[in-house]
Every structure is written in C-alpha cells, then in structure tokens.
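Examining the three-dimensional arrangement
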Amino acid sequence: MALQTDPPDDSPMLHRTQTPAELARFRVAMDMSGDAIYLVDRTSMRFVDVNQTACTRMGYSREELLHMGPQDLLTISREDIERLYDEVIAAGAHGTTTESSARTRDGRRSTTELHRRAVRMDGGWVIVSIARDITQRKHMEQALRESEERFRITFELAGSGIAHVDLAGRLLRVNRSLCAILGYSEQELVGRTVKELSHPEDRDKSDAARARVRSGELQSTRLQQRYLRKDGATVWVDLTVALVRDAEGNALYEIAVIDDDTERKNAETALHESAEKLRLFADNVPAMTVSWDEHLHCSFANRLFTEFFGLAVEDIVGKHVREVLGEPVYREIEGHLVKALQGHAVTYERIARLQSGESRYLEVRLLPHIGEQGKVLGCFSVTTDITEHKLAAERIQRVAHHDSLTGLPNRLLFNDRLAQAMSLAKRNARQFALLYLDLDRFKPVNDTLGHTAGDELLKCVATRILREVRESDTVARVGGDEFTVILHDIARREDAQSVARKILAALATPFQLDSQKQTVDIGTSIGIAVYPADAQDADALISVADTAMYRAKQAGGTAVGLLPGAGKAHTA
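Read on for an overview of the structure. (Residues numbered from 1 in each chain as written. Predicted model: local features only at pLDDT ≥ 70, side-chain atom pairs only at ≥ 80, totals over all residues. Heavy atoms only, no water.)

1. With respect to the packing of aromatic side chains
By convention here, two paired aromatic rings are described through the distance between centres and the angle between planes. Our working rule: Pairs were defined over the aromatic rings of Phe, Tyr and Trp, the Trp ring being its six-membered one, requiring ring centres within 6.5 Å. Orientation was assigned from the angle between planes: stacked under 30 degrees, edge-to-face over 60, tilted for the rest. Burial here depends on accessible area, computed with a 1.4 Å probe over protein chains only, as a share of the maximum for the residue type. Under 20% is buried, over 50% is exposed, and the range in between is partly exposed. Over a ring means this: the NZ of a Lys or the CZ of an Arg is within 6 Å of the ring centre and within 35 degrees of the ring normal.
A complete count under the given rule lists four aromatic pairs for this structure. Ring geometry for Y38 and F47: centres 5.3 Å apart, planes at 35 degrees, overall tilted. An identical accessibility class is assigned to Y38 and F47; each is buried. Each residue in the set F305, F308 and F309 is aromatic and connected to the rest through ring pairs, giving one cluster. It is K265 that lies over the ring of W236; its NZ or CZ is 4.6 Å from the centre.

Structure below.
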C-alpha cells in the first residue's frame, strides 16, 4: 500500500514512503497499544489494517477482520457510518470523538470511545479509528446512576426525616418527611441552620456529641431533643447524626436522621402524669395498696404500706412477696395468693407483727388484675389495719357477755358456757356439776354502808370464788348477789360437794373493805346439781340447783342462812 505525500488541505500526510523497518516498528507499536486501532478505507468501507487489541477485543483474527468493515461490527447502519466518516474528513487534523457500540463475535456488546482522523493514502482516504473500551466505565456509570436513583427514592420516600447538613450547621438538602415533621417546605428549610430550628433550651444540646463525631471518636451519635415547627409547636425527635468524609478522611457534611418522637413522648408524659396522680391518690387513701405481677413480684406500693412495714419503695419494687413480707407470712397467705392468681377475689384476716414488736390485726382483700381475653396479669392487695375495730369489737363483746363490776361472765355468757358444757359432757359421756350461790346478809351491807361498799364486797366475793376453782371452770354473776359455778368433768358428786365446802369456807372469812376501813361478815347458801344425773337440759339443771340452794338457805334460817361457823351446801 503506497502512501502519498501530497494530501490536500490540512489532512495529515506522510511525507515519504516508509521503509520495511519503519513499518515493522509501526506494527509493533500498534499491537502493543491498549486501545483498539482500526484503519478503514473510506471508498470500500473495509478494514485495511487492525492491531492485536482490536482482534482480541472483538474476538476475530486479523485475517478475518481484514475481510470485514466497520458496518459488520458497529450497531449503526452503513449510511450513518459513511456520514460520520465524511464529518471526520471535514474535521481535518482535529478529527472527531464519539461513543459507539459494537458487537463482538460472541454477541456481547462493547462500548467504546472512538477518536477518528482522516489520512490520505494511495489517492484515497483512510479513516484511522482509535477505540478505547469504556464498557466497564459505562457499567460503573450506569450502576452509579441506578445507585443515585435508589438513594434519591430512598431519601425522598423514607419515613424518617433526613437532612444533609454542612459543617457550619446549615441544611443542604432535606426530604419530604423532614418537611412534614417541621411544617416547612423544602425551599424554606434549605439554607437554615439547625440551631434556628431547635428549641431554645436545646440549641446547644447536640454540640458536644457532634464534636465527638467530627473528631472521629464516634462513628455516629444519637440523642433526643426538641425542635420548633413552623406553627410554633414543639416537636420531640430522636436524632441520629453521622459524618460523611472524602477518600482522604476529610469531613464533607453531616447526615441527620430525624424521627418524630412527639406522640410517644406525649404518651410517656401523660403516663407519667397519670402515674403521679395514681400515686398521689394511692398515697392518700386510708389503706395499704400493693400491685403484684403474675409472678408475685411487687410493681407498686403506696406510702402507707411502706411506712406501716418500715420499708422503702425502692427496696421492694421488683421483689417477690416472699422477700417483702418474709417466709413465715408467705407460707401463711400463699393459698390466698394462688386463688387470686386464678381470677378469684379473696378476703382474709391476719395478725402482723411489726419491727417494733407490736401486733396489729389486718384485713386483706386480693383483687385479680385481669387483662385482655381474661388473662390474669397479677393481683392488687388492699390492706386495712382493723386493730382498733377488732379491739372495739372485743370490748363490745366483753361488755355484752361480762359483768361490768366483777368482770365475771354474765347470765348471757353463762348460758352459752352451760350449753357448751352439756354438749361436751354428752359427747364424751362425762358429767359436770352446777353450783348456784346466793349471798347471805348482803342486803344489810348494801343498805347500811352504801352501794360503794356493796360493789367492793361483790368484787371481793368474785375473787375468793375464783381462787377455789380450776381455771377451766366457769364462775358467773347471774344476779345482784347470785353467782354460779360450772365444774367441768367431775368424777363423782362428792367432788362438787368438796368444792362447795371450800367456797363456803372462803366466803365465811370476814371481808376487809378498804372503802369503809372495817370488816364485814357474810355467808352464802349453795345448791348443787349434777349433769346428767339430776337433769338433761339447761333450764332443768338450773332449776334443780336453784331449788337446792333455797333448801340450804332455809336450813340455816332466813337471817343467817348458814349453819353456825360453816354454812350449808345442799344437793338435789
């Protein structure tokens, strides 16, 4: 192929015919190029030469390519290629640079950046095309575009507010969610500083944390703070800040991710206020209240409960009832707690022994805490100190059943004790005796010395009778100067007679009345009846003893009623 040295115009030209050695060096240089080189005859539209890189890239041998033309490789028509070549010729020494796509032998698509120049050879034009493979770069550019698009969509559609913030604290870019959270448009937010948007009390809150991120001490930081909406409302946010750096590690800008936490914060505040109201209420009700969870761990205790048991709230919350009240108490009330956790309301009483050693009566009500679908979540205990009520009830009970002067059982309690004695004796096939006593010469004491002396005498009589009987026996005052004694479980009638004689002797001794500074002599008449030998019901037994007492009184005369020096005891 001869090369002409007279190219027209400004087209590149070779000034002489090259020697074989020069052509060899040219061939080596071509084949060593990393770019594909194609020489195309403009007239025939065929390759007149290609380098090794072109062969390797397209998958053809040099011989095969020299029988082909650009129209066999490029993805555009021959007419478009010819028009491009004419533009190359017209461009002169500058040539043209375009991107094009070609199909390799195996059907792959190769994208190249083509620099073309026209050269005059043998009276015609040769188009020299240097093709740099940019397929990988194109793939990377496409991946970058797709990544940027994904980022854009993610940025715009994210549920969290996102902002890019420059190192001076100005917003560079914001997404829709952040605009919605703060109530501004994108145009209104971009360019504003973070401090402008922050609540006055929180404007410097994140400075220290941001500084630690910028210094590299932290990868990111997370905190809660308040911003002000456009309408002036306060917005609580959960803020996460990270720093974007370049390849050399220089800080470029911050990425702030902002989640609206206002609803949760308001709910938390409302819950806290509700809890405070509940505690205020619970601390002022006249009952000890505790909430136990389903595992019987304390979740709440009011002030009265902690003060009553000498505990601190922080020492019992989270602890099992066994730890709070102690093992002995837990064993005592465990059954009640189990029943409450089964969904049943329970009320019971117990005696609490305090750290001071004092004992108190408590009434405890257990109310099951039932949640959704009937699940028992634990129980509430409401405890009332009923000590005063109990003591008052006992006082009322004592007044109702005891003689106010002597403290002995009165007729009401005597009747009850007599019924119990009869039931017990009947069940055990045993016997007991009833003694009916009537004082002699008591009325003159009352009339001459007064009721004070009479009352003192009656108390002394009660004391002496009690000394002569067993602790298990019952002594009662059933009338003005009438007493009864129930002697339980006697072996024979003589045992009752023996006790009666001891009582007669005890009451025969003169009484020293402190109120009168003098002694008083009285006597007594005693009637004895034995169950079941003398009667099988209470009224009959009393009647028998009463009759025997009157016989004893008659045997001694109406004035004395006792045999001189001893007195008398008559039995039925």
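2. Description of the sheet that holds strand β5 (residues 124-133)
Where we set the bar: Only strands that DSSP links by at least two bridges are regarded as paired with each other. Helix numbers and strand numbers start at the N terminus; a helix is a DSSP run of H or I with at least 4 residues, a strand a run of E with at least 2. Here an angle of 0 to 180 degrees is reported between the N-to-C directions of two axes, which are lines fitted to C-alpha atoms, with helices fitted over the stretch in contact. Any two residues having at least one pair of non-hydrogen atoms within 4.5 Å are treated as being in contact.
Spatially, five strands are ordered β2-β1-β5-β4-β3 in an open sheet, and the strand pairing comes out antiparallel. Each end of this open sheet is capped by a strand with a single partner; those strands are β2 (46-50) and β3 (96-103). Averaged over all neighbouring strand pairs, the angle between strand axes comes to 35 degrees, with direction disregarded. Inspection of the sheet shows strand β4 (residues 109-121) paired to β5 by ten bridges, in the antiparallel sense. When the bridges of β5 are listed, M121 appears paired with G124. Helix-sheet contacts for helix α1 (residues 20-32) involve β1 (36-41) and β2, and the interaxial angle to β2 is about 95 degrees. Along the sheet, helix α4 (residues 78-91) contacts β1, β3, β4 and β5; its crossing angle with β4, the most-contacted strand, is approximately 50 degrees.

3. A few points about the sheet that holds strand β8 (residues 220-228)
Pairing in this open sheet of five strands is antiparallel, and the strands run β7-β6-β10-β9-β8 from one edge to the other. What marks the edges here is a single partner per strand, and that holds for β7 (171-174) and β8. Neighbour to neighbour, the strand axes of the sheet diverge by 30 degrees on average, direction disregarded. As paired elements, strand β6 (residues 161-165) and strand β10 (residues 251-260) share five bridges and run antiparallel to each other.

4. Quick look at α4
The following threshold applies: Here the expected span of a helix is defined as 1.5 Å times the quantity of residues minus one. To obtain the arc, one takes the directions from the helix axis to the C-beta atoms.
Here α4 spans 20 Å end to end across 14 residues, near enough to the 20 Å set by a 1.5 Å rise per residue. Of all the positions in α4, only I81, Y85 and V88 are classed as buried. Down the axis of α4, the buried side of the element spans an arc of 55 degrees, and every buried residue falls inside it. Exposed and oriented more than 90 degrees from the buried face of α4 are E79 and A90. In this fold, the buried residues of α4 make contact with β1, β3, β4 and β5. The first or second residue beyond α4 is G92, which carries a positive phi of 65 degrees.

5. Let's talk about the nonpolar core
Here is the rule: We define a nonpolar core as any set of buried Ala, Val, Leu, Ile, Met, Phe, Trp, Tyr and Cys residues linked to one another through side-chain atoms lying within 4.5 Å.
Ranked by internal contacts, the top residues of the largest apolar core, which has 32 residues, are L435 and I503. Counting residues per element, the ones that place at least two in this core are β16 (432-440), α17 (442-449), α18 (451-467), β18 (482-487), α19 (493-508), β19 (511-513) and β21 (523-531). Formed by 26 residues, the second largest nonpolar core is a distinct cluster that contains C298, A301, L366 and C379.

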